[in-house]
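Each chain, letter by letter, is given below.
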Amino acid sequence: MGLLSRIQHLCFVTWRIKKFQWLSNCKNVIGKPNLYHPLLISGKGKISFGNNVQIGVIASPKFYTDYCYLEAKNEDSEIIIGNNVAINNSFSAIACSKINIGNGVLIGVNCSIIDSDGHGLAVENRNENSISKPVYIHNNVFIGSNVTILKGVTIGENAVIGNASVVTKDVPANVLVAGNPARLIRNL
């Protein structure tokens, strides 16, 4: 790596990663991911990383323009990320209760996992917290780019979620699902 490349990396990668570490306010973090992309960690809950967790991909969209965001909102909220997980750029996970990502999971660019609606749906309840239901992603799942996974969903082992899918219901093991809402395409 030449001098110019090292300066670019320092200015546009290393300093951005350090800035977001400094801005993070979650005090209950276990483990340390390999950061190639800025990660903001927020909330009063617990966030744990297994071994060999990678956040960010250099040769991928949104590398220079975005960041990843993990929030365990409440004291009893938790996000658990297993071993050998690779998460691409611009990922977000917001847990009011629990988000559990298993071992060997691959997550594409610009994906979101949310375990609640964020607020009540009725007009008179929009300033109140909504019901939260845990999200479980089992081992060896591949999640394509621009996927949204909503509250209460369990994704079975070895499943593949196609690009731009919105997952609203449980996904069995060893299947390919895609669409909005995601539906079974075929068995693997």
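Refer to the structure printed above.
Since this is a predicted model, take the numbers as computed values, not measurements. (Residues numbered from 1 in each chain as written. Predicted model: local features only at pLDDT ≥ 70, side-chain atom pairs only at ≥ 80, totals over all residues. Heavy atoms only, no water.)

**Q** Help me understand the pattern of salt bridges, please; the structure alone is not making it clear to me.
**A** Pairing is possible between side chains that carry opposite charge, provided their charged atoms lie close to one another. Under the criterion given, the structure shown has three salt bridges. Residues Lys 73 and Glu 71 are paired through a salt bridge, measuring 3.9 Å at the closest nitrogen-oxygen approach. With relative accessibility at 34%, the residue Lys 73 sits in the partly exposed group. Looking at Glu 71, the relative accessible area reads 14%, which means it is buried. Linking Glu 78 and Lys 98 is a salt bridge whose minimum nitrogen-to-oxygen distance equals 3.9 Å. Linking Glu 78 in strand S7 (residues 78-81) with Lys 98 in strand S10 (residues 98-101), this pair joins segments that are 20 residues apart in sequence. (Salt bridge = Lys/Arg side-chain N within 4 Å of Asp/Glu carboxyl O. Buried < 20%, exposed > 50% of the residue type's maximum accessible area, 1.4 Å probe, protein only. Helix = DSSP H or I, 4+ residues; strand = E, 2+ residues; numbered from the N terminus.)

**Q** Sorry if this is basic, but what is going on with helix H1 (residues 3-23) here?
**A** Its 21 residues give H1 an end-to-end C-alpha distance of 29 Å, which sits within 8% of 30 Å, the value for a rise of 1.5 Å per residue. Roughly 40° is the biggest bend found in H1, and it falls at Leu 10. Burial in H1 covers these residues: Val 13, Arg 16, Ile 17 and Phe 20. Residues of H1 that are buried make contact with strand S2 (34-35) and strand S3 (39-43). (Expected span 1.5 Å × (residues − 1). Bend = angle between axes of the 7 residues up to and from the residue. Contact = heavy atoms within 4.5 Å.)

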